[in-house]
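# Examination of the molecular architecture
Listed below are the residues making up each chain.
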Amino acid sequence: RGFVMEAWARLHIEDEADARTGQRYRDTLLRASDGTLRLAARELAMHLGTRVCFVDTRDRLLDELYTQPAGVRAGALQAVLDELIAPALETVVSLVEEGPARTHALLGICAGTVSVYERVLLDGGEQRVFVPQDAAVLSADAEALCAFFVAK
């Protein structure tokens with residue numbers, strides 16, 4: 001509702017009675033509604049990505065990745081991507097028609113996954129201890145994350 005009112009105010013319609021009965025009124029409402037729906041679809045897609053990564057795959061991706069005693073080991077991120085994120089992407093592809101909605105949903109999952117990985121690296125907490133020797137594996141995992149989404 002707020003977006004519609006803002007769009008309405010930007011048009012500067014002087015004669016309110018004429019504006020509510022004519023073609024300009026219908027066009028204004030359609031333009032405002034279209035923009036609002038597009039914005040809502042993008043926000044919903046980002047929420048989907050957040051939901052998949054921070055809720056549905058939380059145990060393996062956020063809570064267990066690189067934690068002690070296993071620590072940083074090669075292929076840990078790739079295994080999570082293949083087992084948890086790939087099926088989520090496939091579900092979106094199978095359920096959502098090709099177009100902007102699907103693209104935004106897939107980008108939302110991609111952004112959510114990168115956000116979780118960033119959080120693991122930057123805010124690992126007491127359960128994660130990174131040492132300089134882990135840099136090669138972490139760099140390889142970051143490259144694998146990029147390659148995973150480029151390939152999908």
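Residues numbered from 1 in each chain as written. Predicted model: local features only at pLDDT ≥ 70, side-chain atom pairs only at ≥ 80, totals over all residues. Heavy atoms only, no water.

## Details of the packing of helix H5 (residues 76–95) against helix H6 (residues 100–122)
Packing of H5 against H6 brings their axes to within 10 Å, and their N-to-C directions diverge by 160°. Classed by the angle they form, the pair H5 and H6 counts as roughly antiparallel. Helix-helix and strand crossings are classified by hand; for H5 and H6 the assignment is right-handed. The segment H5 lies against H6, with Leu 77, Leu 81, Ile 85, Ala 88, Leu 89, Val 92 and Val 93 engaging Arg 102, Ala 105, Leu 106, Ile 109, Thr 113 and Tyr 117. The class makeup of the residues in the contact of H5 with H6 is 11 nonpolar, 1 polar and 1 charged. (Axes fitted to C-alpha atoms, helices over the stretch in contact; angles between N-to-C directions. Helix = DSSP H or I, 4+ residues; strand = E, 2+ residues; numbered from the N terminus. Parallel < 35°, antiparallel > 145°, perpendicular 65-115°, else oblique. Left-handed = near helix turned anticlockwise from the far one by under 90°. Contact = heavy atoms within 4.5 Å. Nonpolar A, V, L, I, M, F, W, Y, C, P; charged D, E, K, R; others polar.)

## Topic: the pattern of salt bridges
On inspection of all chains with the given rule, the structure shows 3 salt bridges. Arg 58 is the salt-bridge partner of Asp 63, the closest N and O atoms lying 3.6 Å from each other. Note on Arg 58: relative accessible area 35%, which makes it partly exposed. With a closest N to O distance of 2.6 Å, Arg 60 and Glu 83 form a salt bridge. (Salt bridge = Lys/Arg side-chain N within 4 Å of Asp/Glu carboxyl O. Buried < 20%, exposed > 50% of the residue type's maximum accessible area, 1.4 Å probe, protein only.)

## Quick notes on the packing of H5 against helix H7 (residues 135–151)
Contact geometry of H5 with H7 gives a least axis separation of 11 Å together with a crossing angle of 20°. Of the possible angle classes, the one that applies to H5 and H7 is roughly parallel. In terms of crossing hand, the pair formed by H5 and H7 is right-handed. Two secondary-structure elements touch here, H5 through Leu 77, Gln 78, Leu 81, Asp 82, Ile 85, Ala 86 and Leu 89 and H7 through Asp 141, Ala 144, Leu 145, Phe 148 and Phe 149. Looking at the contact of H5 with H7, its residues break down into 9 nonpolar, 1 polar and 2 charged.

## So, the side chain of Arg 102
Looking at the secondary structure, you find Arg 102 in helix H6. Within the buried core, Arg 102 has no salt-bridge partner, and the shortest N-O distance to an opposite charge, that of Glu 98, equals 4.3 Å. Polar side-chain contacts of Arg 102 include one of 2.9 Å to the backbone oxygen of Val 96. The contacts of Arg 102, once residues within four sequence positions are left out, are Val 92, Val 93, Val 96 and Glu 97. (Lys, Arg positive; Asp, Glu negative; His and termini not counted. Polar contact = N/O pair within 3.5 Å; in protein donor to acceptor, adjacent residues only side chain to side chain.)

## Digging into the confidence of the model for the protein
The share of residues in the protein with pLDDT of 70 or more is 83%, and the mean pLDDT across the chain is 82. Of all secondary-structure elements in the protein, the lowest mean pLDDT belongs to helix H2 (residues 16–19), at 54, while H5 reaches the highest, 91. (pLDDT = per-residue confidence, 0-100.)

## Some points on the packing of aromatic side chains
A full pass over the atoms with the stated rule returns 3 aromatic pairs. For the ring pair Phe 148 and Phe 149, a centre distance of 5.1 Å and an interplane angle of 85° mean the geometry is edge-to-face. One exposure class covers both Phe 148 and Phe 149, and it is buried. Put simply, the rings of Tyr 66, Tyr 117 and Phe 130 touch in pairs and so form one group of aromatic residues. (Phe/Tyr/Trp six-rings, centres within 6.5 Å; stacked < 30°, edge-to-face > 60°.)

## Considering H7
With 17 residues, H7 should reach 24 Å at 1.5 Å per residue; the first-to-last C-alpha distance of 24 Å fits that figure. Listed as buried for H7 are Leu 138, Asp 141, Leu 145, Phe 148 and Phe 149. In an axial view of H7, the angular spread of the buried residues amounts to 85°, which keeps them on one side of the axis. Seen from the open side of H7, the exposed residues pointing more than 90 degrees away from its buried face are Ala 136, Glu 143, Cys 146, Val 150 and Ala 151. (Expected span 1.5 Å × (residues − 1). Arc of directions from axis to C-beta.)

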